[in-house]
Amino acid sequence: MNPNKSNIMHFSHITPISPVSLNYLIENWPIGYSLLDVRGKEEFSLGSIESSFNLPLDIFFESLQFPEGEFSKKFGFDKPPIEDNLIVCCEDGQKGSILCAEKSRECGYKRVHILEGGIKGYVNAGFQLVGKDNSMTIVPPSYPFLSTERLKDMLRDASVKNLIVLDVRRKDELQNFGVLDCAKNIPTEVFSHLFSLGEEEFLSHAGFQKPGKESQIILYCRSNRRAKYVFLLAFEFGYRNIFVFKDGVMGLSQIDQKVIPYESYDVTDPIPAPLPSPPPLS
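Residues numbered from 1 in each chain as written. Predicted model: local features only at pLDDT ≥ 70, side-chain atom pairs only at ≥ 80, totals over all residues. Heavy atoms only, no water.

Before going further, it helps to spend a moment on the environment of Glu 173. Tracing the backbone shows Glu 173 in helix H8 (residues 171-177). Along the backbone, Glu 173 and Val 267 are 94 residues apart, and their C-alpha atoms lie at a distance of 8.6 Å. Dropping the residues within four chain positions of it, Glu 173 is found in contact with Gly 178, Arg 222, Arg 226, Tyr 262 and Tyr 265. Here Tyr 262 takes part through its side chain, which lies 2.7 Å from a polar atom of the side chain of Glu 173. (Helix = DSSP H or I, 4+ residues; strand = E, 2+ residues; numbered from the N terminus. Contact = heavy atoms within 4.5 Å. Polar contact = N/O pair within 3.5 Å; in protein donor to acceptor, adjacent residues only side chain to side chain.)

Structure (structure tokens):
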């Protein structure tokens, strides 16, 4: 078995993504994604979301059935990888997006999202389109960060109730570089799909009970980039007691020596050599 092979679960349903979460994806690229704008070419040319590609509604379904080489030659961009989180947007996030998202599922895409409110919702949230000046002042989200010392204290404190530690890295990262004993794993790529499930389905997929809204949730990843993205998603699902561990695997290795620091790598890359661990906390 290839230790780099991603064991990402697949889902049969389509989930929304908010303008705020999409903007974080665009600016930070914590996971692989493809953004398809299904409006007409003229509408797309008047203003579009950064990193989006135009695949109009009237040719959407037949286009996704083209082989990769033929697709690239015809449309001028690479066909979205089947393993990507595929995000579909239209003018208002309604019929066009829903239809194309369903067609994407028929073409084999397993993690499909619809942009809430479409292009209008993105603009109304204050984000700028490429080719159109609609700029507004955006207030970045304030992340409740935890230091290494604070995380260690919380894990030791028996009075801290309903505490759940979520490791949002890929499964190959856990296998290659270790994980906190107390942590549950939900890869960033499937978080929104998983948390949109009911309690029984969640338990079946995740292997543990779905956290209640009263839970105190600590998120961590290799650095903190994916954890910050999952913070935004969790907030949209109604969770309010959420913390982002800011020090990543460097900090985790000071708490638990089974966790080994490493450089960022993609699932198809060679496994990087471990980095030196800092001294453990006393």
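Structure shown, so let's carry the discussion forward.
This part takes up the sheet that holds strand S2 (residues 33-37). As summarised here, the arrangement of the 5 strands in space is S1-S5-S4-S2-S3, forming an open sheet in which the pairing is parallel. Taken across any chain shown, the strands that pair with only one partner, and hence form the sheet edges, are strand S1 (15-17) and strand S3 (52-54). Averaged over neighbouring strand pairs, the angle between their axes works out to 35° when direction is ignored. Alignment of strand S4 (residues 85-89) against strand S5 (residues 112-115), held across 3 bridges, turns out to be parallel. (Pairing = 2+ DSSP bridges. Axes fitted to C-alpha atoms, helices over the stretch in contact; angles between N-to-C directions.)

A few words on the sheet that holds strand S10 (residues 242-245). Strand order in the open sheet formed by 5 strands is S6-S10-S9-S7-S8, with parallel pairing between adjacent strands. Each of the sheet's edge strands pairs with one partner strand only, and the pair in question is strand S6 (145-146) and strand S8 (183-185). Relative to S10, S6 is paired through 2 bridges, and the arrangement is parallel. Paired with Leu 146 across the two strands is Phe 245, which belongs to S10. Lying on the sheet, helix H11 (residues 225-236) is in contact with S6, strand S9 (216-220) and S10; it crosses S10 at an angle near 175°.

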